[in-house]
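# Architecture and fold: a report
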Amino acid sequence: MSATPAVADDLIVIGKIYSVHGVRGEVKVYSFTDPTENLLQYKTWTLKREGNVKQVELVSGRGNDKFLVAKLKGLDDREEARLLAGYEICVPRNLFPELTDGEYYWYQLEGLKVIDQLGQLLGKIDHLLETGANDVMVVKPCAGSLDDRERLLPYTEQCVLAVDLAAGEMKVDWDADF
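Cut-offs applied
- Residues numbered from 1 in each chain as written.
- Predicted model: local features only at pLDDT ≥ 70, side-chain atom pairs only at ≥ 80, totals over all residues.
- Heavy atoms only, no water.
- Helix = DSSP H or I, 4+ residues; strand = E, 2+ residues; numbered from the N terminus.
- Buried < 20%, exposed > 50% of the residue type's maximum accessible area, 1.4 Å probe, protein only.
- Contact = heavy atoms within 4.5 Å.
- Areas by Shrake-Rupley, 256 points an atom, 1.4 Å probe, with all protein chains shown as cover.
- Lys, Arg positive; Asp, Glu negative; His and termini not counted.
- Charge placed at Lys NZ, Arg CZ, Asp CG, Glu CD.
- Phe/Tyr/Trp six-rings, centres within 6.5 Å; stacked < 30°, edge-to-face > 60°.
- Lys NZ or Arg CZ within 6 Å of the ring centre and 35° of its normal.
- Pairing = 2+ DSSP bridges.
- 1 Å grid on protein atoms, 1.4 Å probe; cavity = no way out; pocket = protein on both sides within 12 Å on 5 of 7 lines; lining within 4 Å.
- Points joined across faces, edges and corners; volume = space filled by probe spheres on them.
- Nonpolar A, V, L, I, M, F, W, Y, C, P; charged D, E, K, R; others polar.
- Core = buried A, V, L, I, M, F, W, Y, C linked by side-chain atoms within 4.5 Å.
- Axes fitted to C-alpha atoms, helices over the stretch in contact; angles between N-to-C directions.

### Some points on the overall build of the protein
Looking only at helices and strands, the protein has two helices and twelve strands in total. In sequence order, the secondary structure elements of the protein are arranged as β-β-β-β-β-α-β-α-β-β-β-β-β-β. Residue burial in the protein is summarised as follows: out of 178 residues, 33% are buried. Taking all contacts inside the protein whose residues are at least 6 apart in sequence as the whole, residues at least 24 apart take part in 49%. If you sum the accessible surface of the protein, you get close to 10400 Å²; carbon and sulfur atoms cover 48% of it. Across the protein, 20 positive and 30 negative side-chain charges occur, with their mean positions spaced 9 Å apart.

What follows is the structure, given as structure tokens:
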């Protein structure tokens, strides 16, 4: 493991180490990628936790839909692996594949102002949730928003009318029944 991190200002969290696996220093990982195994395509990880940053190299990995088991270079001890629990796994955003028009990574949507069909500011997208049926945007109030309500809006074609990353805005067809 190396103590030299990648440039931290352009890193995207793609998973989290949450436990050890076995006695040979492997770690259990929650993957935030879809499909889960896509996290294993990135061979160099920057780990971050509470101001600590370190660079590690993925040797191998395996898993299923719930979690992955990863072997990191130079990590052969269960107790040393336990110290990595809680670290977020990050990679530079420039390693992500290009998307087609109309597709967005979640990190691109977070922070966008959400404006309804009447031109009213509902708030900003704080984060997104995966629900199974569709993703859900958590919209929190901000300066100038319509009210102080937090809203859960479906990330669907029926709700999202337009996304303008350059303007930092998303137009939605908002209905109180959401």
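### Here's the deal with the packing of aromatic side chains
Aromatic ring pairs: the centre-centre distance and the angle between the two ring planes describe each pair. The full count for this structure, using the stated rule, is six aromatic pairs. Taking 6.1 Å as the distance between ring centres and 50 degrees as the angle between the ring planes, the aromatic pair formed by tyrosine 42 and phenylalanine 96 counts as tilted. Taken as a pair, tyrosine 42 in the loop between strand 2 (26-31) and strand 3 (44-49) and phenylalanine 96 in the loop between strand 6 (88-92) and helix 2 (106-109) lie far apart in primary sequence, 54 residues in all. An aromatic cluster is built from Tyr42, Phe96, Tyr105 and Tyr107, whose rings are joined through pairwise contacts. Between lysine 28 and the ring centre of phenylalanine 67, over which it is positioned, the NZ or CZ distance is 5.1 Å.

### What about the pairing of strand 6?
Pairing between strand 1 (residues 11-21) and strand 6: five bridges, direction antiparallel. Looking at strand 6, one finds that isoleucine 12 is bridged to valine 91.

### Overview of the layout of surface pockets
Any empty space left between atoms is shown by rolling a water-sized probe over those atoms. Quantified by volume, the largest pocket comes out at close to 950 Å³. Around the largest pocket sit 26 residues that line it, and Phe32, Thr33, Asp34, Tyr105 and Trp106 are the ones nearest its centre. When contributions to the lining of the largest pocket are tallied by element, the ones reaching two or more residues are strand 1, strand 2 and helix 2. Classifying every residue of the lining of the largest pocket by side-chain character gives 13 nonpolar, six polar and seven charged.

### What about the nonpolar core?
In a soluble, globular protein the nonpolar side chains are often hidden away together inside. Val27, Val29, Leu39, Trp45, Leu47, Leu72 and Ile89 are the most contacted members of the largest nonpolar core, which has 23 residues in total. Secondary structure elements with two or more residues in this core: strand 1, strand 2, strand 3, strand 4 (52-63), strand 5 (68-72) and strand 6. By residue number, the principal contributor to this core is strand 1, which donates four residues. Apart from the residues within four sequence positions on either side, isoleucine 89 is in contact with Ile12, Val13, Ile14, Gly15, Lys16, Ile17, Val29, Leu39, Trp45, Thr46 and Leu47.

### Some thoughts on the sheet that holds strand 8 (residues 121-130)
Taken together, the six strands give an open sheet; going across it, the order is 10-9-8-7-12-11, and neighbouring strands pair in mixed fashion. Strand pairing shows two members of the sheet lacking a second neighbour, strand 10 (151-154) and strand 11 (160-164), which therefore form its edges. Strand-to-strand twist across the sheet, computed as the mean angle between neighbouring axes with direction ignored, equals 35 degrees.

Such coordinate-based values are descriptive only and should not be taken to indicate function.
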